[in-house]
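The chain contents come next:
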Amino acid sequence: MTTPDLEPAPVTTAALPAGARTAAAPVRRPGGIGGRTARIFLPLGLYLLFTVVPFYWMLLFALRPAGSTSLLPWPVTTAHFETVWNGMGFSTYFRNSVWIALVTLVFVTFFALMGGYALARFEFRGRKVFMLALLCTQFVPGAMMLIPLFNIFQTFDLINSRWSLIIAETTFQLPLAMILMSGFVKNVPVELEESAMVDGCGRIRAFLAVVLPLLRPGIVAVGSFAFIGSWNNFLFALMFLNDPELQTVPVGLQTTIGENTVDFGALAAGGVVAAVPVVLVFAVVQKYLVQGMSAGAVKG
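Residues numbered from 1 in each chain as written. Predicted model: local features only at pLDDT ≥ 70, side-chain atom pairs only at ≥ 80, totals over all residues. Heavy atoms only, no water.

Draft legend 1. Main features of the packing of aromatic side chains. Throughout the structure, instances matching the rule amount to 14 aromatic pairs. Measuring from ring centre to ring centre gives 6.2 Å for F107 and W163, while their planes differ by 25 degrees; the resulting arrangement is stacked. Placement of the pair is F107 in helix α4 (residues 90–121) and W163 in helix α7 (residues 162–186), with a sequence separation of 56 residues. Taking relative accessible area as the criterion, W163 reaches 39% and is therefore assigned partly exposed. Relative to F240, the ring of F236 lies with its centre 5.7 Å away and its plane at 20 degrees, an arrangement referred to as stacked. Residue F236 and its partner F240 are both found in helix α11 (residues 235–240); the two are separated by four residues, about one turn of the helix. In this structure an aromatic cluster arises from ring pairing among W85, F94, F227 and W231. It is R64 that lies over the ring of F61; its NZ or CZ is 4.5 Å from the centre. Geometry around W99 places R162 over its ring, the cationic atom sitting 5.7 Å from the centre. (Phe/Tyr/Trp six-rings, centres within 6.5 Å; stacked < 30°, edge-to-face > 60°. Helix = DSSP H or I, 4+ residues; strand = E, 2+ residues; numbered from the N terminus. Buried < 20%, exposed > 50% of the residue type's maximum accessible area, 1.4 Å probe, protein only. Lys NZ or Arg CZ within 6 Å of the ring centre and 35° of its normal.)

See below:
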């Protein structure tokens, strides 16, 4: 007696155990690599477009001939730069801005180092209140202090002097710089100073030999903020400096705007001149900002 040949029944994935079913037919999860790429790069691309278009528009007006409506700066012309640099006195404005910004950078960095070190290393009565007062100064707009500052500078015969702008800028930028610097000092282990003092160094020598080299990211960050803040200030320069030979770049940009007309080519060229130092400073300082923010995150 023979038995009929039995054909094996087809095996479906539904009949397999969970582990075997996964191995037999890998499950495609929604939102894989393509979806994750779209979620990340699409918003970043839109943000980049939103950021780059104004700069491109400024370069377009600065480099294309007057009266042109082309969306490409062709043929390229430097006539607008020659107009603002030589005809409108931007060479003088640029030198004034660089000098004021550099002196402000030195003052803010020096006093922020001393104040930030004291706030980070010494415990004294009213320290928290003082820190809170420093923070609250950031809520006071500069326009509210114009009249008191003008009266003070007039008393000391500092109106129409670059020092009035330097003092005002240093005063307004120093509180935030001290707070930032105190955070950088706290990230330096105090044991390093104590070891140096055990070896015979005084506090000042220990600070200069041990702490100061480790504060380079903080010094660069605070100095760059001071430079950029002074470079971009318009209100103080407009109020305290009357002589055109002492004016700065932000005030000089106002001269391209007439009562009834606007020289868009000259305005765009002046904007490029004003933006180049700021862009260069941020390009150089960004790695130090990252180092400063990550300093002290990992303790050895």
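From this point, the discussion proceeds with the structure in view.
Draft legend 2. Expanded view of the packing of α4 against helix α10 (residues 216–232). Close contact between α4 and α10 brings their axes to 8 Å; oriented N to C, the two are set at 140 degrees. Viewed along their axes, α4 and α10 adopt a mutual orientation that is oblique. In the crossing of α4 with α10, the sense of the turn from one axis to the other is right-handed. Taken together, the residues of α10 that come into contact with α4 (itself represented by F94, S97, V98, I100, A101, L102, T104, L105, V108, T109, A112 and L113) are I219, V222, G223, A226, F227, S230 and W231. Its residues assigned to classes, the contact of α4 with α10 shows 14 nonpolar, five polar and no charged. (Axes fitted to C-alpha atoms, helices over the stretch in contact; angles between N-to-C directions. Parallel < 35°, antiparallel > 145°, perpendicular 65-115°, else oblique. Left-handed = near helix turned anticlockwise from the far one by under 90°. Contact = heavy atoms within 4.5 Å. Nonpolar A, V, L, I, M, F, W, Y, C, P; charged D, E, K, R; others polar.)

Draft legend 3. Up close: the environment of I147. By secondary structure assignment, the location of I147 is in helix α6 (residues 146–155). It is 9.7 Å that separates the C-alpha atoms of I147 and M239, two residues lying 92 residues apart in sequence.

Draft legend 4. Expanded view of a nonpolar patch on the surface. A cluster of nonpolar residues, L48, V52, Y56, W57, L71, L72, W74 and V76, forms a patch on the protein surface that exposes about 890 Å² of accessible area. Judged by its relative accessible area of 34%, Y56 is partly exposed. (Patch = residues over 30% accessible without salt bridge, like charges linked within 9 Å, V, L, I, M, F, W, Y side chains within 5 Å. Areas by Shrake-Rupley, 256 points an atom, 1.4 Å probe, with all protein chains shown as cover. Salt bridge = Lys/Arg side-chain N within 4 Å of Asp/Glu carboxyl O.)

Draft legend 5. Representation of the layout of surface pockets within the structure. For the largest pocket, the calculated volume is near 270 Å³. As for the largest pocket, its lining consists of 17 residues, and the residues nearest its centre are Q138, E169, F172, Q173 and L176. Counting residues per element, the lining of the largest pocket draws most heavily on α7, at six residues. For the lining of the largest pocket, the per-class residue count stands at 11 nonpolar, five polar and one charged. (1 Å grid on protein atoms, 1.4 Å probe; cavity = no way out; pocket = protein on both sides within 12 Å on 5 of 7 lines; lining within 4 Å. Points joined across faces, edges and corners; volume = space filled by probe spheres on them.)

Draft legend 6. Quick peek at the pattern of salt bridges. The tally for this structure, following the rule as stated, stands at one salt bridge. The closest approach of N and O atoms between E193 and R121, which form a salt bridge, is 2.5 Å. Here E193 is found in helix α8 (residues 190–198), whereas its partner R121 is found in helix α4, with 72 residues between them in sequence. The class for E193 is buried, based on a relative accessible area of 1%.

Draft legend 7. Seen up close, empty space enclosed by the protein. Scanning all chains against the criterion turns up one cavity of 30 Å³ or more. The space that makes up the largest cavity amounts to roughly 50 Å³. The wall of the largest cavity is formed by S97, I100, A101, L165, S230, W231, N233, T248 and P250. Within the residue set of the lining of the largest cavity, elements represented by two or more residues are α4 and α10. Per element, the largest residue contribution to the lining of the largest cavity is three residues, and it comes from α4. Classifying every residue of the lining of the largest cavity gives five nonpolar, four polar and no charged.

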